[in-house]
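Survey of secondary and tertiary structure
The chain contents come next:
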Amino acid sequence: MTEVLRASNVETMYGRVMAIRGISLTVKEGSVVTVMGSNGAGKTTILKTISGALDPFKGQVEFEGRDITALDPDVIARVGIAHSPEGREVFSLLSVKDNLMMGAYCRKDRDEVARDLEKVLGWFPVLRTFLEKQAIYLSGGQQQMLALGRAFMQRPRVMLLDEPSLGLSPLLISEIFQIIKRINVEEGVTMLLVEQNASVALPAADFGYVLETGRIVMEGERDVLMKSADIREFYLGIK
Ligand code: ATP
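The following paragraphs examine the structure supplied in this document. Here the residue numbering is sequential within each chain, running from 1 through the sequence in written order. Local features in this predicted model are restricted to residues of pLDDT 70 or higher, and side-chain atom pairs are both shown and tallied only at a pLDDT of 80 or more, whereas totals for entire chains, interfaces and linings draw on every residue. Hydrogen atoms and water are omitted, and side-chain values are computed over all heavy atoms in the structure.

Take the overall build of the protein chain next. The secondary structure listing takes helices from DSSP runs of H or I that are at least 4 residues long and strands from runs of E that are at least 2 residues long, numbered from the N terminus. Check the secondary structure of the protein chain and you find 10 helices and 10 strands. In this treatment the radius of gyration is a C-alpha quantity, and the globule benchmark scales as 2.2 Å times the residue count to the 0.38 power. Relative to the 2.2 N^0.38 estimate, which gives 18 Å for 239 residues, the radius of gyration of the protein chain is 17 Å and therefore close to what a compact globule would have. Oriented by its inertia axes, the alpha-carbon framework of the protein chain measures out at about 45 × 40 × 35 Å. Looking at the protein chain residue by residue over its 239 residues, the buried ones come to 48%. Looking at the protein chain alone, contacts between residues at least 24 apart form 66% of all its contacts between residues at least 6 apart. Just so you have it, the protein chain exposes about 11,300 Å², and 52% of that area is on carbon and sulfur atoms. The charge count treats Lys and Arg as positive and Asp and Glu as negative. His and the chain ends do not count. By convention, the charge on Lys lies at NZ, on Arg at CZ, on Asp at CG and on Glu at CD. Distance from the positive charge centre (28 side chains) to the negative charge centre (31 side chains) of the protein chain: 1 Å. For every residue, the accessible area obtained with a 1.4 Å probe (protein chains only) is divided by the maximum for its type, and the residue is called buried under 20%, exposed over 50%, and partly exposed between those limits. Contacts are assigned to residue pairs that have any heavy atoms within 4.5 Å of one another. Computed by Shrake-Rupley with a 1.4 Å probe, the accessible areas treat only the displayed protein chains as cover when residues are assessed.

Right, let's get into the layout of surface pockets. A 1.4 Å probe that fits but cannot get out identifies a cavity on a 1 Å grid over protein atoms alone, an open set with protein on both sides within 12 Å along at least five of seven lines counts as a pocket, and a residue lines either if it has an atom within 4 Å of a point. Grid points are joined across faces, edges and corners, and a volume is the space filled by probe spheres set on the points. What the largest pocket holds in volume is close to 690 Å³. Taken together, 29 residues form the lining of the largest pocket, with Ala-77, Ala-82, His-83, Arg-150 and Gln-154 sitting closest to its centre. Listing elements by their share of the lining of the largest pocket, those giving two or more residues are helix H1 (43–51), helix H2 (73–79), strand S6 (81–84), helix H3 (96–103) and helix H6 (140–153). Counting residues per element, the lining of the largest pocket draws most heavily on H2, which supplies five residues. In this classification, the charged set is Asp, Glu, Lys and Arg, the nonpolar set is Ala, Val, Leu, Ile, Met, Phe, Trp, Tyr, Cys and Pro, and all remaining amino acids, among them Gly, are polar. Per-class residue counts for the lining of the largest pocket are 14 nonpolar, six polar and nine charged.

Residues in close proximity to the ligand total 13 residues, the closest being Asn-39, Gly-40, Lys-43, Thr-44 and Thr-45. Within the contact set of the ligand, an oxygen atom lies 2.8 Å away from a backbone nitrogen or oxygen of Gly-42. Note that an oxygen atom of the ligand is positioned 3.1 Å from one of the side-chain N or O atoms of Glu-86. Contact with the protein chains covers 61% of the free accessible surface of the ligand, which is 630 Å². The biggest single contributor to the shell around the ligand is H1, with three residues. Of the residues in the shell around the ligand, the class split is three nonpolar, seven polar and three charged. Proximity is defined per residue: any heavy atom of the residue falling within 4 Å of a molecule or strand makes that residue near it. N or O atoms within 3.5 Å of each other form a polar contact, as long as, within protein, one can give a hydrogen and the other can take it, and as long as residues adjacent in sequence are counted only when both atoms are side-chain atoms.

Given two aromatic rings, their pairing is described by the distance between the two centres and the angle made by the two planes. Each aromatic pair joins two rings of Phe, Tyr and Trp (for Trp, the six-membered one) with centres within 6.5 Å, and gets the label stacked for planes under 30 degrees apart, edge-to-face for over 60, and tilted for any other angle. In the structure shown here, the tally under the stated rule is two aromatic pairs. Ring centres of Trp-123 and Phe-152 lie 4.9 Å apart, and the angle between their planes is 70 degrees; on these two criteria the pair is classed as edge-to-face. One end of the pair, Trp-123, is in helix H4 (residues 110–123); the other, Phe-152, is in helix H6, with 29 residues separating them in the sequence. The same class applies to Trp-123 as to Phe-152, namely buried.

In this analysis an axis means a line fitted to C-alpha atoms, helices contributing only their contacting stretch, and an angle means the value between N-to-C directions, from 0 to 180 degrees. At a minimum axis separation of 6 Å, H3 and H6 run at an interaxial angle of 40 degrees. Note on packing geometry: the crossing formed by H3 with H6 is right-handed. For the pair H3 and H6, the contacting residues are Val-96, Asn-99, Leu-100, Met-101 and Gly-103 in the first and Leu-146, Gly-149, Arg-150 and Met-153 in the second. Here the contact of H3 with H6 is composed, by residue class, of five nonpolar, three polar and one charged. Helix crossings fall into two classes, left-handed where the near helix is turned counterclockwise from the far one by less than a right angle and right-handed where it is turned clockwise.

We now examine empty space enclosed by the protein. Enumeration according to the criterion identifies one cavity of 30 Å³ or more in this entry. As a volume, the largest cavity reaches approximately 40 Å³. Considering the residues around the largest cavity, the lining is formed by Ala-7, Val-10, Ile-20, Ile-23, Ile-46, Thr-49, Ile-50 and Val-61. If you list the elements that add at least two residues to the lining of the largest cavity, you get strand S1 (3–14), strand S2 (17–28) and H1. Looking at the lining of the largest cavity element by element, the count peaks at three residues for H1.

Dropping the structure here:
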């Protein structure tokens, strides 16, 4: 498998506070990679640094071998990286349909866009029932579906997903993760997923990183991490 995304020794600061301290990670094409860590570990900062919302103080981000570290977020989106942010950040006064179409605003292949819209509505039938309604009327879980759908409408090569399980019931979490896996397998979209909830993220991933106070402290293939005593005790809650 070829490497699609690579972060090398990335440090990102908020003023004088260093939120991530020399992060290096790689994401192989077609895989699902998760970065797990508790509240404040730096997960959101990693995704924002990759998507260009934050500029790193040090280090480099490469996408398909190209240095994207200094590019603006809209350029990074256009080269093929979609960011589904924490808290979803849907446009609450726009209709569900307009939110989805915002994801496709750079695309010129109108027939394909229409087909992709149908695909998203097939994955999340509840969104069809709200299609012309403002997104403000959606529940948290439905907004999460909308954010995922909007990111897919960009037709990215890589999706950056910030805590898709946050605030959702176990049933909804399992629904959302099934769709994430389908987008990965059926549509060939590579996923970089950050999660506090390791017990949902790790089983869905091929490879995982563990982040603690801005540093990667452990990494490995899913099956290796699932067997690690530390991961089981501290992240999965199994002894
Ligand atoms: P959470 O799950 O709570 O979002 P996280 O792992 O995503 O946690 P980050 O949001 O990346 O963590 O935050 C990493 C560190 O940077 C934390 O110590 C946080 O307090 C700090 N931080 C985040 N945003 C800012 C900001 N805008 N200004 C100053 N410090 C910040």
